[in-house]
Every structure is written in structure tokens, then in C-alpha cells.
Amino acid sequence: MFGKLLKYEFKSVGIWFFGLYGLAALISLAAGIWIRANLKASKLSNSSYSTNFYSRSQGILAFILFSLLLAIFIAIFIATLLIIIRRFYNNIFGREGYLTLTLPVSTHKTLLTKLFVAFICTICSGLIFILSFFLLILPSLTIGPFLTYFTETLSQAVNILTKPEVILAILSFLLGITTSILEIYFAIALGQLFQDYRGLLAFGFYFLISFVRSTLNILIGTGNNGFISLMSTNNSFLDCYHLTLNIIFLIVYGLVFYFSTHYIIKNKLNIQ
């Protein structure tokens, strides 16, 4: 049944995300081809082309392409955030909650399904930004030098990824995403405990929880975490210590948010 829940969740959000991801990739590639064509023409043609390169038509086309790309990126960011919020709220605390709660699955499975889908959507949204940048510069690259550079970079990346501090940083980053999603869920669950102004109260609870977390992070010394920690010092042992401490507290935060949300859904649910 858990697999069917995941399939339903991905089917519900997949059409919109695949459409946005496809548009981002297509526009990035089109902008990359435009950049290559203009750079190539500026080298081969006479000086009169340089004036045409900065002509009004070229400027308008560039503005349209990069404005569309920026708009798509913003849409992906907003869509990801809305998926995290709306799918959770509507499916559990909204009218759809009556149907969700009649399914023969435990509250844990329902909550884990929402969390897993939100996590995957967040990761994919981040990866599409990287892919779009790659497609933006790909048409301008020369294949031979690019393959050499790519092979060397891949080899260096493998060596870097085997370092303990980098592994801990990646784990901290992934746990940070998971904890942030659970933090949103917990704020929404707290907001629905009240009869009126649920959305506003959930918004307020989120900022209150974030403030408490930030204060605790500063007090316990985990304010710099993830990849930021690696750039702040060259001491490998110190990096590992701070990252390990950060991971421990991320796990604690995540467990508190998860089980508090589960308790509210299980015992304090108030569907409107």
C-alpha cells in the first residue's frame, strides 16, 4: 500500500514538474545555442557585426530568453514550495483528509509518503538548475577540450567525495532538506489546532520555530553547517567535529518535528 501511495503522489505532481523541467531545459539549450551563434559570428564576420550583435533585436531576443529562464526557475521554486505545503495540508487537514484517513494505511506511512515525495521534488528542482546551467554553456564548448576537462574534473570529484568531511557535509545537506520539510509540516500541524486563521497561525509558528532553531544553533555552535563549514576552516578534524555535531542536532530536530506532527495528526486532528 505504501508503494501505491507513492505512485499516486508522484502521479499527482509529476505532470506539472516534468513540464516545468522540460521548459527549463529547452529554454536553457535555446539560450546556449543563441550565445554560441553570436560568439561564432562575432569572430568570423567583420566589425560591422559587432554593432549588429548589440542591436535592438538581439537585445530583445536575449532579454526574452533569459527572462523566460528566470521565470521558469522562479516557477519551479514556488511549485516545489507549494507541493510541500499544499499536498500536505489539503490531503490531511483539508477536505481530502476525510478520504486520506479512510485508507488502510498507518499515519506513519501517510506522513512518510508526503515527506519522501517532497524530498525528491526538492532534490530534482536543485538538479534542474545545474542541468540548465550545463545546457546553457554546452553549445559553446568544444568537444575535445570539454571531454578532457570533464574527465579530469570527474576524477578530482571522486577523490574529493571520498574525504570524510565531504561525506559528512553531503549527509548534513540532505538531512537539512529533510528537517526543513518536517519543520514546515510541524508548523502546519500546529496551525490546524486552532479553529480560525489556520494559515496565518501556521505561518507564524514556522517563523517562531525557525527563530528558536537558529538561536539554539548559535548557542550550541552549529550555526555554520554543511558545505559552509568546509569553507570556513582548513582543519579537517574541526570540520568533521562541527559537521557531526550539526548532523546530530538535525536528527534530533527532525525526530521532534516528525513525531510531534504524527501525534497531532493521530490524536488532535481537526478537519475543516
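Residues numbered from 1 in each chain as written. Predicted model: local features only at pLDDT ≥ 70, side-chain atom pairs only at ≥ 80, totals over all residues. Heavy atoms only, no water.

(A) Spatial organisation of the overall build of the protein chain. A count of helical and extended segments in the protein chain gives 10 helices and 0 strands. Helices and strands in the protein chain line up, N terminus first, as α-α-α-α-α-α-α-α-α-α. Across the 272 residues of the protein chain, 38% fall into the buried class. Pairs at least 24 apart in sequence give 82% of the contacts found in the protein chain among residues at least 6 apart. Split by element, the accessible area of the protein chain, about 16500 Å² in all, is 74% carbon and sulfur. (Helix = DSSP H or I, 4+ residues; strand = E, 2+ residues; numbered from the N terminus. Buried < 20%, exposed > 50% of the residue type's maximum accessible area, 1.4 Å probe, protein only. Contact = heavy atoms within 4.5 Å. Areas by Shrake-Rupley, 256 points an atom, 1.4 Å probe, with all protein chains shown as cover.)

(B) A look at unusual backbone geometry. Despite not being glycine, Tyr 197 shows a phi value in the positive range, around 55 degrees. Tracing the backbone shows Tyr 197 in the loop between helix H7 (164-191) and helix H8 (198-220).

(C) View of the nonpolar core. One finds Phe 88, Phe 93, Ile 181 and Tyr 185 to be the most contacted residues of the largest nonpolar core, which totals 24 residues. Only helix H3 (56-93), helix H5 (107-137), H7 and helix H10 (236-267) provide two or more residues apiece to this core. Ranked by residue count, the leading element in this core is H7, at 10 residues. Contact partners of Ile 181, with chain neighbours within four places excluded, come to Ile 84, Leu 115, Ala 118, Phe 119 and Thr 122. (Core = buried A, V, L, I, M, F, W, Y, C linked by side-chain atoms within 4.5 Å.)

(D) Region of the structure containing the confidence of the model for the protein chain. On average, residues of the protein chain score 78 in pLDDT, and 79% of them reach the 70 mark or higher. When pLDDT is averaged over each element of the protein chain, H7 comes out on top at 90 and helix H9 (residues 227-232) at the bottom at 48. (pLDDT = per-residue confidence, 0-100.)

(E) Just H8, in detail. Helix length check: H8 (23 residues) gives 32 Å between terminal C-alpha atoms against 33 Å at 1.5 Å per residue, within 8%. Buried within H8 are the following residues: Arg 198, Ala 202, Ile 209, Ser 210, Arg 213 and Asn 217. (Expected span 1.5 Å × (residues − 1).)

(F) Structural context of the pattern of salt bridges. This model, assessed by the stated rule, comprises 1 salt bridge. The partner of Arg 213 in a salt bridge is Glu 183, with the nearest N and O atoms 2.8 Å apart. Placement of Arg 213 in helix H8 and of Glu 183 in helix H7 is noted, with a sequence separation of 30 residues between them. Exposure class is identical for Arg 213 and Glu 183. Each is buried. (Salt bridge = Lys/Arg side-chain N within 4 Å of Asp/Glu carboxyl O.)

(G) Spotlight on the packing of H5 against H7. With their axes 10 Å apart at the nearest point, H5 and H7 run at an angle of 125 degrees to one another. As the angle between them shows, H5 and H7 are arranged oblique. When you trace H5 past H7, the crossing you get is right-handed. Mapping the contact onto sequence places Leu 111, Lys 114, Leu 115, Ala 118, Phe 119, Thr 122 and Ile 123 in H5 and Leu 174, Ile 177, Thr 178, Ile 181, Leu 182 and Tyr 185 in H7. Across the contact of H5 with H7, the residue classes tally to 10 nonpolar, 2 polar and 1 charged. (Axes fitted to C-alpha atoms, helices over the stretch in contact; angles between N-to-C directions. Parallel < 35°, antiparallel > 145°, perpendicular 65-115°, else oblique. Left-handed = near helix turned anticlockwise from the far one by under 90°. Nonpolar A, V, L, I, M, F, W, Y, C, P; charged D, E, K, R; others polar.)

(H) Region of interest: the packing of H7 against H8. Where H7 contacts H8, the two axes come as close as 7 Å, and the packing angle between them is 135 degrees. The orientation of H7 relative to H8 falls into the category oblique. Helix-helix and strand crossings are classified by hand; for H7 and H8 the assignment is right-handed. For the pair H7 and H8, the contacting residues are Thr 179, Glu 183, Ile 184, Phe 186, Ala 187, Ile 188, Leu 190 and Gly 191 in the first and Arg 198, Leu 201, Ala 202, Phe 205, Tyr 206, Ile 209, Ser 210 and Arg 213 in the second.

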